[in-house]
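Structural features, examined
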Amino acid sequence: IVHSVVRSIRYEKFFDSLRIYVRGGAGGMGLPRYGGIGGKGGDVILVATEGASLKKLKNMNSSKRFIAGNGENSQKNRLLGKRGANITVPVPVGITIVDDFGHVLGELNTEGATLVVSEGGIGGNPVTQFSGQKANAVSVKLDLKLIADVGLVGFPNAGKSTLLRAISRAKPKIASYPFTTLKPQIGILEYPDRRQISMADLPGLIEGAYRNIGMGHSFLKHIERTKLLLLVADINGFQLGPFHIGRSCIDTVVLLNKELELYKEHLLNKPAMLVVSKMDLDGAQSKYDEIKDKLKNLAEIISDYPENMRPERAIEFTDIMALSIETNRADVKKLKYRLREVLDFHSALYEDDKETELISDLRTRMSPSGPQMI
């Protein structure tokens, strides 16, 4: 079953990266006899659009070539040539634009944000000896990183999709085999006062993801822009198959810690919470009682693990909650409101830090550069 699912992953590829060719229009020719100026070439403009996707973009233009219109030549009856038509390309919110040299050209993180990726050539004029200039043709990579408040991280079948369905309006596919989530899912948590919090469910990590085992680390980039990490661990642990090593619940938490650190260590600085799932199963409570103190003091027990499993630094959880996602709605509701409290607390903390930094900067700027005369 696992092999057939892995094959389907390759077939049902989720587009979170796409390379496109862009070229602005050429400038129109000037008319030296009358001093006429050629029209400027059109620009290629990326526009962050709600509902857009890289898959839709590829289907819209299978050649992945986007070329703006050329400026019109200057004429006796129209000395100022008409500007070439711009071409606008709808892209998803959360796109980073990178050139072939790895330079980030810009990010489009809010709906309606725009970026000119290829400016049209200038029209013919006295400086160019009335010759219209061509635009630079470039190849750019569109790299999508989802923007969500909360990012779900866990091994396959830990209950992430079940949690997302229970706590939000999302309806992700749920099954009892590994690699259920084949592409990121976004759910919206709604509150009576109309507050909304977004939560992203990512395909499950497995041990050795940093070596590109399973689905690798490719989807971890989607939690870089989340404000809070929510790790989900099955109380019974995880085993990929009969020929693989079985890992306990606490083992999976340590391994998730390791995989996050290997991807980008700064992810460990994000606020984090832990949910121990499937507490409705037989013997779950006794298993949790054995490990709950260890989970609270993760930094003290990671030294007991072999080097290939041991992270350099333990992730710190603001909350650890053991719950039954499917059978206890009260637990899910408690988690839903706790997520809001933690997000609001860290948001206020961030704003306080920004204000302190601003005040410090203002004081530095206003302080005299030399000794004061009294």
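Residues numbered from 1 in each chain as written. Predicted model: local features only at pLDDT ≥ 70, side-chain atom pairs only at ≥ 80, totals over all residues. Heavy atoms only, no water.

What follows deals with the overall build of the chain. A tally of regular secondary structure across the chain gives 7 helices and 14 strands. Sorting the 374 residues of the chain into buried and exposed places 47% on the buried side. On the chain, roughly 20,400 Å² of surface is accessible, and the fraction owed to carbon and sulfur atoms is 50%. (Helix = DSSP H or I, 4+ residues; strand = E, 2+ residues; numbered from the N terminus. Buried < 20%, exposed > 50% of the residue type's maximum accessible area, 1.4 Å probe, protein only. Areas by Shrake-Rupley, 256 points an atom, 1.4 Å probe, with all protein chains shown as cover.)

Turning our attention to the sheet that holds strand β4 (residues 87-91). Taking strand neighbours across the sheet as the criterion, the 3 strands line up as β4-β2-β7 in an open arrangement whose pairing is mixed. On the outer flanks of this sheet lie β4 and β7 (114-118), each paired with one strand and no other. Neighbouring strand axes in the sheet, compared pairwise and without regard to direction, differ in orientation by 30° on average. Relative to β7, strand β2 (residues 44-48) runs antiparallel, the two being bridged by 4 bridges. Among the inter-strand pairings, V44 is bridged to a residue of β7, identified as S118. (Pairing = 2+ DSSP bridges. Axes fitted to C-alpha atoms, helices over the stretch in contact; angles between N-to-C directions.)

Look at R194: it is not a glycine, yet its phi comes out positive at around 75°. You can see R194 is positioned in the loop between β10 (185-190) and β11 (196-201). Of note, the phi angle at K278 is positive, near 65°, even though the residue is not glycine. Note that K278 resides in the loop between β13 (272-277) and α5 (284-296). Of the residues examined, K278 reaches a relative accessible area of 23% and is grouped as partly exposed.

Applying the stated criterion to the full structure yields 2 aromatic pairs. Their ring planes at 65° and their centres at 5.3 Å tell us that F155 and F238 sit as a pair that is edge-to-face. Of this pair, F155 sits in the loop between β9 (150-154) and α3 (160-167) while F238 sits in the loop between β12 (228-234) and α4 (249-263); the two residues are 83 residues apart in sequence, bridging distant segments of the chain. With respect to class, F155 is no different from F238; both count as buried. Considering the side-chain rings of Y191 and Y337, the 5.2 Å spacing of their centres and the 80° angle between planes classify their relative orientation as edge-to-face. On the criterion of sequence distance, the pair formed by Y191 in the loop between β10 and β11 and Y337 in helix α7 (residues 329-366) is long-range, its members being 146 residues apart. The class of Y191 is buried, set by a relative accessible area of 5%. If you follow K336 out to its NZ or CZ, it ends over the ring of Y191, 5.1 Å from the centre. (Phe/Tyr/Trp six-rings, centres within 6.5 Å; stacked < 30°, edge-to-face > 60°. Lys NZ or Arg CZ within 6 Å of the ring centre and 35° of its normal.)

For the rest of this paragraph, the subject is the sheet that holds strand β3 (residues 65-67). Neighbouring strands of a sheet are bound in pairs by backbone hydrogen bonds; such pairs are parallel or else antiparallel. Here 5 strands make up an open sheet; going across it, the order is β3-β1-β8-β5-β6 and the pairing mixed. Every interior strand has two partners, whereas the edge strands, β3 and β6 (104-108), have only one. Shown here is a sheet whose adjacent strand axes are inclined to one another by a mean of 25°, direction ignored.

Applying the stated criterion across every chain yields a total of 14 salt bridges. A salt bridge links E224 to K264; the nearest nitrogen and oxygen atoms lie 3.1 Å apart. Taken together, the residues span a long stretch of sequence, with E224 in the loop between β11 and β12 and K264 in the loop between α4 and β13 at a distance of 40 residues. On the basis of relative accessibility, which here comes to 31%, the residue K264 falls in the partly exposed class. Linked through salt bridges whose partners overlap, the residues forming this network are K40, D43, R83 and E119. (Salt bridge = Lys/Arg side-chain N within 4 Å of Asp/Glu carboxyl O.)

What follows is about the nonpolar core. Judged by nonpolar contacts, the single largest core of 35 residues is most densely connected at L231, L260 and L298. Listed by contribution, the elements that provide at least two residues to this core are β12, α4, β13, α5 and α6 (298-301). For L298, the residues in contact, after removing those within four places along its chain, are V253, V254, N257, A314, I315 and F317. Among the nonpolar cores identified, the runner-up in size contains 24 residues, and I197, M199, L230 and V275 belong to it. (Core = buried A, V, L, I, M, F, W, Y, C linked by side-chain atoms within 4.5 Å. Contact = heavy atoms within 4.5 Å.)

Counted at 1.5 Å a residue, the expected span for α4 with its 15 residues is 21 Å, and the 21 Å between its end C-alpha atoms agrees. Most of α4 is tucked away: 13 of the 15 residues are buried. (Expected span 1.5 Å × (residues − 1).)

Let's shift gears to the pairing of β10. Taken together, the 6 bridges between β10 and β11 define a ladder with antiparallel strand orientation. Pairing of Q185 across the sheet is with D201, part of β11. Between β10 and β11, which pair antiparallel one after the other, the connecting turn spans 5 residues, and R194 there sits at a positive phi close to 75°.

Time to look at the side chain of S198. Position of S198 among the secondary structure elements: in strand β11. The contact partners of S198, leaving out residues within four places of it in the chain, are I147, A148, D149, V150, G187 and I188.

Here we take up α3. Counted residue by residue, α3 has 7 buried out of 8 residues, so it is predominantly covered. All buried positions along α3 are accounted for by K160, S161, T162, L163, L164, A166 and I167.

What follows covers the side chain of D251. Within the secondary structure, D251 sits in helix α4. R247 provides the closest opposite charge to the buried, unpaired D251, separated from it by 4.8 Å. Looking at D251, its side chain comes within polar contact range of the side chain of S248, at 3.1 Å. Not counting the four nearest positions on each side in its chain, D251 is found in contact with Y305 and M309. (Lys, Arg positive; Asp, Glu negative; His and termini not counted. Polar contact = N/O pair within 3.5 Å; in protein donor to acceptor, adjacent residues only side chain to side chain.)

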